[in-house]
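Analysis of the macromolecular model
Residues per chain are reported as follows:
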Amino acid sequence: MRKWQIGAVAAGLLAVTGCGVPGGGGSNDAGETKDGDGSIQILGAIPEGEAVGLNAALKTFTDETGIKVTYTPSTDFTTEIRTKVKGGDAPDIALFPQPGLVGDLTASGDTLPLDDLIDVDKLNDAMIPGLMDSVTIDDKTYGVPIRVSMKSLVWTPKNFEQSGYKTPTTWDELMSLQDQIIAKGQTPWCLGAEAGADTGWVFTDWVEEIVLRQEGPEFYDKWTSHEIPFNDPKIVQAIETMGDIINKPKNVRGGADGTLSEPFGDSPLPLFSNPPGCEMHRQANFITTFFPKDVQKDLAANVDVFALPGDMKDGYEGTPVLGAGDMATAFTNDTDVVKLMKFFAEPDFGAEWAKSGGWLSPSVEFDNSNYSDPMTGEIAKLLQDADTFRFDGSDLMPAAVGAGTFWSEMNAYVGGEKSAQDAADAIEESWRG
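Residues numbered from 1 in each chain as written. Predicted model: local features only at pLDDT ≥ 70, side-chain atom pairs only at ≥ 80, totals over all residues. Heavy atoms only, no water.

1. Details of the packing of aromatic side chains
Inspection of the entire model under this criterion finds 27 aromatic pairs. Judged by centre distance (5.2 Å) and plane angle (35°), the ring pair of phenylalanine 160 and tyrosine 165 falls under tilted. By relative accessible area, tyrosine 165 is classed as buried at 2%. When the centroid spacing of 5.6 Å and the interplanar angle of 80° are considered together, the rings of phenylalanine 343 and phenylalanine 349 count as edge-to-face. Using a relative accessible area of 5% as the deciding quantity, one classes phenylalanine 349 as buried. What links up through ring pairs into an aromatic cluster is the set Phe61, Phe343, Phe344, Phe349, Trp353, Trp359, Phe366 and Tyr371. (Phe/Tyr/Trp six-rings, centres within 6.5 Å; stacked < 30°, edge-to-face > 60°. Buried < 20%, exposed > 50% of the residue type's maximum accessible area, 1.4 Å probe, protein only.)

Written as structure tokens, this is what we have:
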């Protein structure tokens, strides 16, 4: 699910049936470009309210080139893009929130490789390490990242370090910090997972973060693609590591049962009480929209943030980041579309979007002074400093697993109804079908 938008979940990785011929091509080969007609149609899952900055950036492109660009938001992108592609009515460009769906359409021969159309080497150098892996298929590139979100963030009350707490840089330091906070009579974590029918995704995020840190990105990729079974001992260990945090006495506000009943949007609010009701809250950058209005007006003055540490003992040595994002993929190879894809691929793309808020650049070369508030710039720097990026694992799994049994079985585990092993076994069984 695009949890950073809290949008509709997904059937993102459902297989694409048929080999529809897209409006501008119908082959997995870019071929020679043809002249454009001065207009470009884009379909995407970015809602109209969030697309203000996107449209501002597209206006800059139109002003520079004279090419008219129309962006159409879809409320059911996965279904609509599949239907359009199969019916021979694909847009010129689509903005994909799920990289797996790019892979599906590429496998059916409907997307265009970009290697002969744009400078892919330059694009790879500019992007956050690991991000391009999701749209690189058989050594060819099929997408340009245009925005990302960062999930691996820990929010704290303002002046966290002035209160005597040192920002942890390793997992062991984070675990020791928990003990230090408890010893001072305070609560380390706020954590809430209640989200109606979607309850459970907060727990799956925690497990994904831990798998990425305990085992590294290569193992993570094999797990999310089911080359490694869900009930592998290392996955069970990751679930138990999450359990060690949630079940540790006095470690989480409200205890394990409280995490199941506390709405995820309300869960960070105790950070802002006096004294704070907790000292840390792990959540993606979108969570700021749930902060009190007076806090939102000046985030930098009211809250601090640090990256969830990597460097787990005997685990992956580095700073991995879990996140989400949107990828621009072309279905037409005319000269107008090529110009826009090159525009998307520039390291400074999105300056207008940055000023409107609610956006993070996927480029390590982006000028962070463009962001509308200092906190977003600080988060962008944390993202740029990461040594590898991976997409949310449940978004990469079949919907029945990633947005189904993975959620429900983590709820059962946290609620004490099942062991980590039993929960993992049930998820594995559902994946095998």
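2. Topic: the environment of glutamine 283
Relative to the assigned elements, glutamine 283 resides in the loop between strand 8 (281-282) and helix 10 (293-297). When sequence neighbours within four positions are dropped, the list of residues in contact with glutamine 283 reads Lys151, Leu153, Trp155, Trp201, Val202 and Asp205. (Helix = DSSP H or I, 4+ residues; strand = E, 2+ residues; numbered from the N terminus. Contact = heavy atoms within 4.5 Å.)

3. Topic: the pattern of salt bridges
For the structure on display, the rule yields 18 salt bridges. Lysine 151 is paired through a salt bridge with aspartate 205; the nearest N and O atoms lie 3.5 Å apart. Placement of the pair is lysine 151 in the loop between strand 6 (144-150) and strand 7 (153-157) and aspartate 205 in helix 6 (residues 201-215), with a sequence separation of 54 residues. A relative accessible area of 0% places aspartate 205 in the buried class. The salt bridge partner of glutamate 409 is lysine 418, with a shortest N-O separation of 2.9 Å. Residue class for glutamate 409 comes out buried when judged on its relative accessible area of 11%. Accessibility expressed as a relative area gives 31% for lysine 418, which makes it partly exposed. (Salt bridge = Lys/Arg side-chain N within 4 Å of Asp/Glu carboxyl O.)

Nothing here speaks to function; it is geometry throughout.
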